[in-house]
Amino acid sequence: MKRAILLVLLLAVAACSGGPRPPRNLDNACLILRERPDIARATRAAEREWGIPVHVQLATIHQESSFVHNARTPHRYALGVIPLGRQSSAYGYSQALDGTWDDYQDATGSRRARRTDIRDATDFMGWYMNRSVERLGIAPDDARNQYLAYHQGHAGYARGSYRGQAWLLRVADRVDERAEMYERQLAGCRR
């Protein structure tokens, strides 16, 4: 009897976990957009507003949060057991840091924007990447360098801080490969 009650409680908690679920197949852009029309609308709106292609946005979201609306960085621990807080303030679909999110809200007047809302997250990414176009001369469809500037910040990218980080360059290459794959897929599914 106790197990049955516990099972019912666990199922109730799981059902109330809230928030949209990530798409089932993250390797197919057409299925992502078909399964989650909210993502399709949000990325297309950001593309119209900021000029950043849908496939670049999708590849970046995949890398940053795997489409988990409330993704956070892991906790840090001292001596393996003493909690020190999270690795950074990165949060939501876009993994935007607190300060950068505040800058976005101030610049766009979007005080009600939330990092867990796909429309706000893609608008943020479009805004940030558009600034990378303007400040750093990175082409809107250059997923690799857009990702490096997104990850390192504009000042870090301008300094070339990514150059000595082989792991980050590998990640940026994977983002670029995924963006190219998504671009090919999107060209086929739009027909």
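Structure first, text after, so check above.
Let me sum up the structure you'll find in this document. (Residues numbered from 1 in each chain as written. Predicted model: local features only at pLDDT ≥ 70, side-chain atom pairs only at ≥ 80, totals over all residues. Heavy atoms only, no water.)

## Here we look at the nonpolar core
Then step 1. Counting 44 residues, the largest nonpolar core has Leu 33, Leu 58, Phe 67 and Phe 124 as its most contacted members.
Then step 2. Residue assignment for this core shows that the elements contributing at least two residues are helix H2 (29–35), helix H3 (37–50), helix H4 (54–65), helix H5 (98–108), helix H6 (118–136), helix H7 (143–159) and helix H8 (166–189). (Core = buried A, V, L, I, M, F, W, Y, C linked by side-chain atoms within 4.5 Å. Buried < 20%, exposed > 50% of the residue type's maximum accessible area, 1.4 Å probe, protein only. Helix = DSSP H or I, 4+ residues; strand = E, 2+ residues; numbered from the N terminus.)

## A few points about unusual backbone geometry
Then step 1. Positive phi, normally seen in glycine, also occurs at Ser 66, with a value near 55°.
Then step 2. Take Ser 66: it is sitting in the loop between H4 and strand S1 (75–78).
Then step 3. Looking at Ser 66, the relative accessible area reads 32%, which means it is partly exposed.
Then step 4. Of note, the phi angle at Phe 67 is positive, near 65°, even though the residue is not glycine.
Then step 5. Phe 67 sits in the buried class, given a relative accessible area of 0%.

## As for the packing of aromatic side chains
Then step 1. Per the counting criterion, the structure on display carries ten aromatic pairs.
Then step 2. Ring centres of Trp 101 and Tyr 104 lie 5.1 Å apart, and the angle between their planes is 50°; on these two criteria the pair is classed as tilted. With Trp 101 and Tyr 104 both in helix H5 and three residues apart, the pair spans about one turn of that helix. As far as burial versus exposure is concerned, Trp 101 and Tyr 104 are alike and both buried.
Then step 3. Note on Tyr 128 and Tyr 150: the rings are 5.6 Å apart at their centroids and 90° apart in plane angle, and the pair reads as edge-to-face. (Phe/Tyr/Trp six-rings, centres within 6.5 Å; stacked < 30°, edge-to-face > 60°.)

## Topic: H6
Then step 1. Its 19 residues place the ends of H6 26 Å apart at the C-alpha level, agreeing with the 27 Å of an ideal helix rising 1.5 Å per residue.
Then step 2. Burial analysis of H6 places 14 of its 19 residues in the buried class, which makes it a mostly covered element.
Then step 3. If you check the start of H6, you find a side-chain oxygen 2.8 Å away from the backbone N of Arg 119, and it comes from Asp 117.
Then step 4. Just downstream of H6, Gly 137 is the residue with a positive phi angle, here 75°. (Expected span 1.5 Å × (residues − 1). Polar contact = N/O pair within 3.5 Å; in protein donor to acceptor, adjacent residues only side chain to side chain.)

## What about the environment of Asp 117?
Then step 1. Positionally, Asp 117 belongs in the loop between H5 and H6.
Then step 2. Taking the C-alpha atoms as reference, Asp 117 lies 9.5 Å from Ala 42; in sequence the two are 75 residues apart.
Then step 3. Among the polar contacts made by the side chain of Asp 117, one reaches the main-chain amide nitrogen of Arg 119 at a distance of 2.8 Å.

## Considering a negative patch on the surface
Then step 1. Residues Asp 141, Glu 177, Glu 180 and Glu 183 make up a contiguous surface patch of negative charge.
Then step 2. If you trace the backbone, Glu 183 turns up in helix H8. (Patch = residues over 30% accessible without salt bridge, like charges linked within 9 Å, V, L, I, M, F, W, Y side chains within 5 Å. Areas by Shrake-Rupley, 256 points an atom, 1.4 Å probe, with all protein chains shown as cover. Salt bridge = Lys/Arg side-chain N within 4 Å of Asp/Glu carboxyl O. Lys, Arg positive; Asp, Glu negative; His and termini not counted. Charge placed at Lys NZ, Arg CZ, Asp CG, Glu CD.)

## Concerning a positive patch on the surface
Then step 1. Taken together, the side chains of Arg 41, Arg 44, Arg 48 and Arg 119 make up a positively charged region of the molecular surface.
Then step 2. Looking at which element gives the most residues to the positive patch, the answer is H3, with three residues.
Then step 3. If you trace the backbone, Arg 41 turns up in helix H3.
Then step 4. Judged by its relative accessible area of 53%, Arg 41 is exposed.

## Examining the pattern of salt bridges
Then step 1. Inspection of the entire model under this criterion finds six salt bridges.
Then step 2. The residue Arg 24 makes a salt bridge to Glu 35 at a minimum N-O spacing of 3.7 Å. Here Arg 24 is found in the loop between helix H1 (2–15) and H2, whereas its partner Glu 35 is found in helix H2, with eleven residues between them in sequence.
Then step 3. Judged by relative accessible area, Arg 24 falls into the exposed class, the value being 74%.
Then step 4. Take Glu 35: its relative accessible area is 28%, and that puts it in the partly exposed class.
Then step 5. The salt bridge partner of Arg 111 is Asp 106, with a shortest N-O separation of 2.7 Å.
Then step 6. Note on Arg 111: relative accessible area 48%, which makes it partly exposed.

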